[in-house]
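Fold and geometry: a report
Here is how the chains run, residue by residue.
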Amino acid sequence: MNKDIIKCPEFNKSYSEWFPYNEGDILTFKHSDSIQEYIVSTYNVRNTKSYNRNMKCGCCEDGIVIYLTQKRDTIKIDFNNFINPNSCMGSRRFISRNGKDINVKATQNQKELDLNQISSDSLIIEKSIGIKQLFWRGKLWKFESIKKSKTDIKIISNNGC
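Residues numbered from 1 in each chain as written. Predicted model: local features only at pLDDT ≥ 70, side-chain atom pairs only at ≥ 80, totals over all residues. Heavy atoms only, no water.

On to the overall build of the chain. In terms of helices and strands, the chain carries 2 helices and 13 strands. By residue count, 40% of the 161 residues in the chain fall in the buried class. A separation of at least 24 residues holds for 57% of the contacts in the chain among residues at least 6 apart in sequence. Taken as a whole, the chain presents about 9,400 Å² of accessible surface, with 50% of it coming from carbon and sulfur. (Helix = DSSP H or I, 4+ residues; strand = E, 2+ residues; numbered from the N terminus. Buried < 20%, exposed > 50% of the residue type's maximum accessible area, 1.4 Å probe, protein only. Contact = heavy atoms within 4.5 Å. Areas by Shrake-Rupley, 256 points an atom, 1.4 Å probe, with all protein chains shown as cover.)

All right, on to the packing of aromatic side chains then. Ring pairs (aromatic) are described by centroid distance and by the angle formed between their planes. Considering all chains together, one arrives at 4 aromatic pairs under this definition. For the ring pair Phe29 and Tyr38, a centre distance of 5.9 Å and an interplane angle of 85° mean the geometry is edge-to-face. Among the residues examined, Tyr38 registers a relative accessible area of 0% and is labelled buried. An aromatic cluster is built from Phe19, Tyr21 and Phe79, whose rings are joined through pairwise contacts. Lying across the ring of Trp136, Arg97 places its NZ or CZ 4.2 Å from the centre. (Phe/Tyr/Trp six-rings, centres within 6.5 Å; stacked < 30°, edge-to-face > 60°. Lys NZ or Arg CZ within 6 Å of the ring centre and 35° of its normal.)

By the criterion of burial, strand S6 (residues 74-80) is predominantly enclosed, with 5 of the 7 residues buried. The loop that links strand S5 (residues 62-69) with its antiparallel partner S6 comprises 4 residues. (Pairing = 2+ DSSP bridges.)

Counted according to the given criterion, the structure contains 6 salt bridges. The salt bridge partner of Lys148 is Asp25, with a shortest N-O separation of 3.0 Å. Of the two residues, Lys148 is situated in the loop between strand S12 (139-147) and strand S13 (154-158) and Asp25 in the loop between helix H1 (14-18) and strand S2 (26-31); the sequence distance between them amounts to 123 residues. A salt bridge links Asp73 to Arg97, with the nearest nitrogen and oxygen atoms 2.9 Å apart. One end of the pair, Asp73, is in the loop between S5 and S6; the other, Arg97, is in strand S7 (residues 92-97), with 24 residues separating them in the sequence. Here Asp73 falls in the buried class, since its relative accessible area comes to 1%. (Salt bridge = Lys/Arg side-chain N within 4 Å of Asp/Glu carboxyl O.)

To continue, consider the layout of surface pockets. Of the voids in this model, the second largest pocket is the one considered here, and its volume is about 170 Å³. Surrounding the second largest pocket, Ile35, Gln36, Glu37, Gln70, Lys71, Arg72, Trp136, Arg137, Lys139 and Trp141 form its lining. Counting only elements with at least two residues in the lining of the second largest pocket, the list comes to strand S3 (34-48) and S12. Taken together, the residues that form the lining of the second largest pocket break down as 3 nonpolar, 2 polar and 5 charged. (1 Å grid on protein atoms, 1.4 Å probe; cavity = no way out; pocket = protein on both sides within 12 Å on 5 of 7 lines; lining within 4 Å. Points joined across faces, edges and corners; volume = space filled by probe spheres on them. Nonpolar A, V, L, I, M, F, W, Y, C, P; charged D, E, K, R; others polar.)

Position of Lys139 relative to the elements: it lies in strand S12. Residue Lys139 is classed as partly exposed on the basis of its relative accessible area, which comes to 36%. Taking the C-alpha atoms as reference, Lys139 lies 9.9 Å from Lys30; in sequence the two are 109 residues apart. The contact partners of Lys139, leaving out residues within four places of it in the chain, are His31 and Leu134.

The structure is reproduced here in structure tokens:
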């Protein structure tokens, strides 16, 4: 093996613990007698396998991009280097609804992770459930169920840059 090649750790499995979805899953949320269904239309996982230490852009990075879609809404979840001590780019979390950013609370500290919950003004994400609650159009929608698809998560690997 080339001594200039740095091998990165395996993909961080905690992403799938926080977002236990697969492409094609249908998530159901309920408010009073109303139901909203979102389809997991995209679930992309990125992971760097290795990089050349002589390249300026080499790092061990990972992340996910998930799109949940329905007739009037698209929710995009974009987490990079979530609990990744090997990252040189830092951690970031973006969530948007119909192209507008949702303010995810910036604290990604141990207390938050110990609570197994990430929150914003518009949603709550809970470990092992995923999105637990949505607050849209003045209504609180609670996660009701998930209809699992037969698809597996695909990991897109790269070698640094």
